[in-house]
Amino acid sequence: HNQWSRFLINYLYAVSDSSPFTSISVACSLTTSEYGLLVGFGFSAFFVVMGLFAGRAADRYSRQRIIGCGISIWSLAVLYMGTASSFWQLLVSRVVLGFGESFSAPASYSMIADLFPIDQRGTANGVFAFGVYVGGGLGSLSIAMATALGWRGTCYSAGAAGLLLALLMFVTVSEPQRGGKDAGAKGPGGADQSVWAALGEVYRSPLLVKLYMAGGARFSAGYLIAAYMPLYYAYVFPEFNSTYSLLNASVVSIGGAVASAAGGYAVDKWEKAGNGRARLLIPMLGCIATMPFMAVTLLSNSFYVSMLVGLLGSYLCAEGWFSGALSVIQGTLSPRARALGISIFIFIATMAGSLATYAIGIVVQRTTDNGVDNLDSIRYIILVSVCT
């Protein structure tokens, strides 16, 4: 639901319809640069800043309650989004959405580290990320939902579902013991430490500093795909708009989920077989392998080749990286610094991705204003940016 709520506006903006009932772009009179701000810094400003506080809170307080409150807040933001009639109202909803969602990832990955031993965390992270891609698939289905329910009805449906999930979180999930699965791990175990000590533990690790930089580059590519790929398909294959909604949901949810789960499992197995760098090698190899598939996605003249060969291949190659990267952070830091370390990773990666999204929105707007075909502008800007 986290991902569905986050990327809901991406797909609603891509609806190929001039009716204010189905098109959020028409109803709220959005420009491309305004859209770039909404999916970029409009969301990430509070998300990344509050994420640092949320990470520290998750190292000290009940993660179950933090996650439940976060779900409630972001679901209310989605409900408010459904009432919007202007860019500024949408911006408020995105800011509140970012605030609520900032509490999710640090607490969630910290809990996973306390539920699974280090040699199983790659797989556990991969299974958790499975839901990320199912949520992305639900986001794509929002195009079809907007046709049937209207874009406002789609927002109301997503918000109501989130409030139900928040209730389930409070009722059915228990807080695990900190450090309970960390026999032999470095650090002060379950003992509390100051924020400065936790920050020192993070930044004294050259490995984590390099991982944070790599995560920023990887998130930039991911944000561009999430923000502008629906718009690209709306321009290139407008006659397949409904088909795209359903097919993209399958590609994102199945391709991403399979890659994430398989990547996490492969990391654990390869490391057990004696390769201590497996958690770094698998993300690197996946990113390299996705480049030719992304070229097929953006250069093919066939809708089905672009989707089922290019985009599906990209997801299967690229999306196995996150579970390995997160397990590196989980294994490097002590239990009372993990959530802060994860929130710093998300802060750097999200800021990089948001900057890229906003910058590309401005470039697309200016190139279009200068007479460059909007299709070619989006196509080659995405291709060059992602591969770079």
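Because the structure is a prediction, the values reported are computed rather than measured.

A. Looking closely at a nonpolar patch on the surface. Together, Leu164, Leu165, Leu167, Leu168, Phe170 and Val171 line one region of the surface with nonpolar side chains, adding up to about 560 Å² of accessible area. Secondary-structure assignment places Leu168 in helix H8 (residues 121-172). Judged by its relative accessible area of 42%, Leu168 is partly exposed.

B. Quick look at the pattern of salt bridges. On inspection of all chains with the given rule, the structure shows six salt bridges. A salt bridge links Asp114 to Arg338, with the shortest nitrogen-to-oxygen separation between them at 3.6 Å. Placement of the pair is Asp114 in helix H7 (residues 104-115) and Arg338 in helix H15 (residues 338-369), with a sequence separation of 224 residues. Residue classification places Asp114 among the buried positions, given a relative accessible area of 4%. Here Glu319 and Arg218 are joined by a salt bridge, their closest N and O atoms 2.8 Å apart. In this pair, Glu319 sits in the loop between helix H13 (303-318) and helix H14 (321-332) while Arg218 sits in helix H10 (residues 206-236), placing the two residues 101 residues apart along the sequence. The buried category is assigned to Arg218, whose relative accessible area is 12%.

C. Expanded view of unusual backbone geometry. At Ser29, a residue that is not glycine, the phi angle is positive and equals roughly 50°. Topologically, Ser29 is positioned in the loop between helix H2 (24-28) and helix H3 (32-39).

D. Region of the structure containing the environment of Arg338. Under the relative-accessibility criterion, Arg338 is labelled buried at 2%. Distance from Arg338 to Arg121, taken between C-alpha atoms, is 13 Å for residues 217 residues apart in sequence.

E. Highlighting H14. Taking 1.5 Å per residue as the helical rise, H14 with its 12 residues ought to reach 16 Å, and the 17 Å between its terminal C-alpha atoms agrees with that figure. Here H14 lies mainly inside the structure; 11 of its 12 residues are buried. Within H14 the residues assigned to the buried category are Trp321, Phe322, Ser323, Gly324, Ala325, Leu326, Ser327, Val328, Ile329, Gln330 and Thr332.

F. Looking closely at the confidence of the model for the protein chain. A residue-level look at the protein chain finds 93% of positions with pLDDT of 70 or above and a mean pLDDT of 83. Averaged over each element, pLDDT in the protein chain is lowest for helix H16 (residues 374-387) (72) and highest for helix H5 (residues 63-81) (94). Predicted confidence is poor over residues 184-189, with pLDDT under 50, and the contacts of this stretch with residues over four places away or in other chains come to seven contacts.

G. Fine view of the nonpolar core. In terms of nonpolar packing, the biggest core is built from 101 residues, with Ile24, Tyr233 and Phe345 touching the most fellow members. Ranked by residue count, the leading element in this core is H10, at 16 residues. Excluding its chain neighbours within four sequence positions, the residues that come into contact with Phe345 are Leu211, Tyr212, Gly215, Trp321, Phe322, Leu326 and Ile329.

H. Quick peek at the state of the cysteines. All told, the structure shown has zero disulfides when counted by the stated rule. Among the cysteines around Cys287, which has no disulfide bond, Cys317 carries the closest sulfur, lying 10 Å off. Its relative accessible area of 24% is what places Cys287 among the partly exposed residues.

I. Main features of the packing of H3 against helix H6 (residues 87-101). Orientation of H3 relative to H6, taken along the N-to-C sense of each, is 15°, at an axis distance of 9 Å. Regarding the angle of H3 to H6, the classification is roughly parallel. As for the relative orientation of H3 and H6, their crossing is right-handed in sense. Residues Glu34, Leu37, Leu38 and Val39 of H3 lie in contact with H6, whose contacting residues are Phe87, Leu90, Leu91 and Arg94.

Here is what the cut-offs are and how they apply
Residues numbered from 1 in each chain as written. Predicted model: local features only at pLDDT ≥ 70, side-chain atom pairs only at ≥ 80, totals over all residues. Heavy atoms only, no water. Patch = residues over 30% accessible without salt bridge, like charges linked within 9 Å, V, L, I, M, F, W, Y side chains within 5 Å. Areas by Shrake-Rupley, 256 points an atom, 1.4 Å probe, with all protein chains shown as cover. Salt bridge = Lys/Arg side-chain N within 4 Å of Asp/Glu carboxyl O. Helix = DSSP H or I, 4+ residues; strand = E, 2+ residues; numbered from the N terminus. Buried < 20%, exposed > 50% of the residue type's maximum accessible area, 1.4 Å probe, protein only. Expected span 1.5 Å × (residues − 1). pLDDT = per-residue confidence, 0-100. Contact = heavy atoms within 4.5 Å. Core = buried A, V, L, I, M, F, W, Y, C linked by side-chain atoms within 4.5 Å. Disulfide = S-S within 2.5 Å. Axes fitted to C-alpha atoms, helices over the stretch in contact; angles between N-to-C directions. Parallel < 35°, antiparallel > 145°, perpendicular 65-115°, else oblique. Left-handed = near helix turned anticlockwise from the far one by under 90°.

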